[in-house]
Amino acid sequence: QVQLVESGGGLVQAGGSLRLSCAASGRTFSRYAMGWFRQGPGKEREFVAAISWSGGSTYYADSVKGRFTISRDNAKNTVYLQMDSLKPEDTAVYYCAATYYSGSDILRDQVYAYWGQGTQVTVSS
């Protein structure tokens with residue numbers, strides 16, 4: 001079992017930055033690939049970014065590539081999402097999730113077994 005708690009969301013102006021954190025419980029955090037997903041108002045949940053268990057592989061949605069950076073610190077059981085050059089269309093509830101899957105499978109939300117409660121990000125124009 002893994003429990004995930006996101007933090008770092010808030011209100012920011014367009015062009016600004018936020019860093020989301022996701023703290024995981026348990027001693028097996030380093031065995032999981034981690035992902036960030038988001039759900040905007042009236043929209044379906046979508047993939048944002050993912051990172052392999054070692055941190056050696058990262059994946060991004062085209063909409064955030066070059067603006068967002070995912071990273072992890074296995075010693076701190078934490079995964080991060082640095083969000084720069086934010087746009088109003090980035091407004092959403094952001095969720096972190098954990099999966100035992102690897103490779104390109106970790107782009108699919110169906111493979112994630114554990115989810116956090118979400119943190120709201122609002123970008124004003």
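Residues numbered from 1 in each chain as written. Predicted model: local features only at pLDDT ≥ 70, side-chain atom pairs only at ≥ 80, totals over all residues. Heavy atoms only, no water.

Caption draft 1: Main features of the overall build of the chain. Counting secondary structure elements, the chain contains zero helices and 11 strands. Here the C-alpha radius of gyration of the chain, 13 Å, is about what a compact globule of 125 residues would show, namely 14 Å. For the C-alpha atoms alone, the extent of the chain along its principal axes is close to 40 × 25 × 25 Å. In the chain, which comprises 125 residues, the proportion classed as buried is 45%. Looking at the chain alone, contacts between residues at least 24 apart form 59% of all its contacts between residues at least 6 apart. Charge-centre separation for the chain: the mean point of 12 positive side chains lies 6 Å from the mean point of 10 negative side chains. (Helix = DSSP H or I, 4+ residues; strand = E, 2+ residues; numbered from the N terminus. Rg over C-alpha atoms; globule rule 2.2 N^0.38 Å. Buried < 20%, exposed > 50% of the residue type's maximum accessible area, 1.4 Å probe, protein only. Contact = heavy atoms within 4.5 Å. Lys, Arg positive; Asp, Glu negative; His and termini not counted. Charge placed at Lys NZ, Arg CZ, Asp CG, Glu CD.)

Caption draft 2: The arrangement of the pattern of salt bridges in detail. Enumeration over the complete set of coordinates arrives at six salt bridges. Asp62 is the partner of Lys65 in a salt bridge, and the nearest nitrogen-oxygen pair spans 3.2 Å. This pair shows no difference in class: Lys65 is exposed, exactly as Asp62 is. (Salt bridge = Lys/Arg side-chain N within 4 Å of Asp/Glu carboxyl O.)

Caption draft 3: Examining the environment of Tyr114 more closely. Within the element layout of this structure, Tyr114 appears in strand 10 (residues 114-115). When the C-alpha positions of Tyr114 and Gln3 are compared, they lie 7.1 Å apart, and in sequence the two are 111 residues distant. Apart from the residues lying within four places of it in its own chain, the contact partners of Tyr114 are Gln1, Val2, Leu4, Tyr32, Cys96, Ala97 and Ala98.

Caption draft 4: Expanded view of the environment of Cys22. Mapped onto the fold, Cys22 is located in strand 3 (residues 18-24). For Cys22, a relative accessible area of 0% corresponds to the buried category. Dropping the residues within four chain positions of it, Cys22 is found in contact with Leu4, Val5, Glu6, Met34, Trp36, Asn77, Thr78, Val79 and Cys96.

Spatial relationships are all this shows, so hold off on functional conclusions.
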